[in-house]
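Geometric and topological summary
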Amino acid sequence: MLVHIKDLVQDGKKHGYAVGAFNITNLESVLGVARAAVKAGSPAIIQVSESAIKYMGLKPITHIVSTVAKNVAASVPIALHLDHGTSLDTVFECINSGFTSVHIDASNLPLDENINLTKQVVKIAHAKRVWVQGEVGAMVGSHGDIKSKLKEIPLAKLDEVVKFVKETKIDTVAAAIGTAHGVHINEDIVFSLLKDIKNKTKIPFVLHGGSGVPDAKIRRAIKEGVNIINIGTDLKVAFCRTLIEVCLKNSEETDPRNLLKPTIAAIEKVVYEKMKLFGSAGRAGGSKIKT
Ligand code: G3H
Ligand code: ZN
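Chains are numbered independently. Their residues run from 1 in the order of the written sequence. Note on labels: chains are lettered from A, ligands numbered from 1, in written order. Only residues with pLDDT of 70 or above have their local features reported here, since the model is predicted, and side-chain atom pairs are shown and tallied only from 80 upward, although totals for entire chains, interfaces and linings are computed over all residues. With hydrogens and water set aside, each side-chain value is computed from the structure's full complement of heavy atoms.

To continue, consider the site of ligand 1. Summary of the distance rule: residues count as near a molecule or strand when at least one heavy atom falls within 4 Å of that molecule or strand. Around ligand 1, a shell composed of 16 residues is seen, among which Asp 83, Gly 209, Ser 211, Gly 232 and Thr 233 lie nearest. Gly 182 has a polar backbone atom sitting 2.9 Å from an oxygen atom of ligand 1. Gly 209 places a main-chain nitrogen or oxygen 2.7 Å from an oxygen atom of ligand 1. To measure how exposed things are, a 1.4 Å probe is used in the Shrake-Rupley method; for residues, cover is taken only from the protein chains shown. Against a free-state accessible area of 310 Å², the protein chains account for coverage of 100% of ligand 1. Contributing elements (two or more residues each) for the shell around ligand 1: strand S3 (78-85) and strand S8 (226-231). The class makeup of the residues in the shell around ligand 1 is two nonpolar, 13 polar and one charged. Two N or O atoms count as a polar contact when they lie within 3.5 Å, although within protein this holds only if one can serve as hydrogen donor and the other as acceptor, and sequence-adjacent residues are included solely when both atoms are side-chain atoms. Only DSSP runs of H or I with at least four residues qualify as helices, and only runs of E with at least two residues qualify as strands; both kinds are numbered from the N terminus onward. Three classes are used: nonpolar for Ala, Val, Leu, Ile, Met, Phe, Trp, Tyr, Cys and Pro, charged for Asp, Glu, Lys and Arg, and polar for all others, with Gly counted as polar.

A helix is expected to span 1.5 Å multiplied by its residue count minus one. The terminal C-alpha atoms of helix H11 (residues 256-278), which comprises 23 residues, lie 33 Å apart, in line with the 33 Å expected from a rise of 1.5 Å per residue. For the exposure calls, accessible area comes from a 1.4 Å probe over protein chains only, and a residue counts as buried if that area is under 20% of its type's maximum, exposed if over 50%, partly exposed in between. Three or more residues of H11 are buried, namely Leu 259, Thr 263, Ile 264, Ala 266, Ile 267, Glu 268, Val 271, Tyr 272, Lys 274, Met 275, Leu 277 and Phe 278. Residue contacts are defined here by distance: any two heavy atoms, one from each residue, within 4.5 Å place the two residues in contact. Elements in contact with the buried residues of H11: strand S1 (19-23), helix H2 (27-40), strand S2 (44-48), helix H9 (215-223), S8 and helix H10 (233-249). Near the N-terminus of H11, the side chain that reaches the backbone nitrogen of Arg 257, with its oxygen 2.9 Å away, is that of Asp 255. Positioned one or two residues after H11, Gly 279 has a phi angle of 80°, which is positive.

Right, let's talk about the pattern of salt bridges for a bit. Where charged atoms from two side chains of opposite charge come close, those side chains can pair. We define a salt bridge as a side-chain nitrogen of Lys or Arg found within 4 Å of a carboxyl oxygen belonging to Asp or Glu. For the structure shown, the criterion picks out seven salt bridges. Of the charged contacts, one joins Asp 188 and Lys 217 as a salt bridge, the two residues approaching to 2.4 Å between their closest N and O atoms. With Asp 188 in the loop between strand S6 (172-175) and helix H8 (191-201) and Lys 217 in helix H9, this pair connects stretches of sequence that are 29 residues apart. For Lys 217, a relative accessible area of 27% gives the class partly exposed.

This paragraph deals with the nonpolar core. In these notes, a set of buried Ala, Val, Leu, Ile, Met, Phe, Trp, Tyr and Cys residues joined through side-chain atoms within 4.5 Å is what counts as a nonpolar core. Phe 22, Val 33, Val 102, Phe 205, Ile 229 and Phe 278 are the most contacted members of the largest nonpolar core, which has 77 residues in total. Among the elements that take part in this core, H11 stands out by supplying eight residues, more than any other. If you look at the next biggest cluster of nonpolar residues, it comprises 14 residues, including Ile 45, Trp 131, Ala 174 and Ile 228.

A separate point is the pairing of S8. For S8, the tally of buried residues reaches six of six residues, placing the bulk of the element in the interior. Any two strands with at least two DSSP-identified bridges between them are counted as paired. Where S1 meets S8, four bridges bridge the pair, whose relative direction is parallel. Its bridge partner lying in S8, Ala 21 is registered against Asn 230. Looking at chain direction, strand S7 (residues 205-207) and S8 are connected through three bridges and run parallel.

Quick look at the packing of aromatic side chains now. Between rings of Phe, Tyr and Trp, where Trp is taken as its six-membered ring, a pair exists when centres lie within 6.5 Å; planes separated by under 30 degrees are stacked, by over 60 edge-to-face, and by other angles tilted. Enumeration over the complete set of coordinates arrives at zero aromatic pairs. The lysine or arginine in question, Lys 39, covers the ring of Tyr 272, its NZ or CZ lying 4.3 Å from the ring centre. Placement of a positive charge over a ring is assigned whenever Lys NZ or Arg CZ falls within 6 Å of the ring centre and within 35 degrees of the normal to the ring plane.

Pairing within the closed barrel is parallel, and its eight strands lie in the order S1-S2-S3-S4-S5-S6-S7-S8. Taking each pair of neighbouring strands and ignoring which way they run, the sheet shows an average axis angle of 25°. Relative to the sheet, helix H1 (residues 5-15) contacts S1, S2, S3, strand S4 (101-104), strand S5 (131-136) and S8, its axis offset from that of S8 by approximately 120°. Every axis in this analysis is a line fitted to C-alpha atoms, fitted for helices over the stretch in contact. Angles between the N-to-C directions lie between 0 and 180 degrees. Across the face of the sheet, H8 comes into contact with S6, S7 and S8 while running at roughly 155° to S7.

Here is the structure:
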């Protein structure tokens, strides 16, 4: 069932687990996440990037996610979120289309401009009960990049994060604490920075760049108060590796469903394991409010 993101985050906070926010790219990935959530008895956030919206269209995505949440994942709470919204048009369209949370990512602008833009979004979103994620201290790397070691992974500045949260009144905060988008061998989590951000802001923290971070660090990050963990690259890799393998083995196949079906199972498997790692498996009973 489709619920408000705040119900998921609040339950996670109460019971000490993180909610996975899974980037979907097509129908197969939506089905994979939904089936994993049902199998694990876990809440889940389904998130779409601007490029996913460009690929599928906002209306089709919104309808597919809500129909799948209602019919395939009726027993578990699912929330729909916009990930890395950089255009105000897209952010406002998502607010008006039933998303319960939007990420305005103006983190590459100077701090004051980031604050001003984020404040504009908060004003409009909060009037419609929609949560806003803001970002300060931009994330590096790109979704799907699995080949390189990054030269440098810059960190967010604590005083900037605190000022940003205080002035914008965002609901959840994303900040660079050592992870990066994609899978890179030098990804890390600077726990002292995470602790300070949590202590000084007191709002839910979103860990971006969840793919490629060792399990032990993820477990510790949840103990230190990470509330949402974003996973994108791991799902893209599971989909593409599986599809390539199936196509190579079945080059005469003429029914697309026979080629695509294993990709759903591959995504389900990855997401199921993440739900166990994040501690959200078995927690589906916690959220009650339908949107
Ligand atoms: O916004 C999306 C995430 O931060 C995904 O990062 O591709 O490293 O899992 P990832
Ligand atoms: Zn991200």
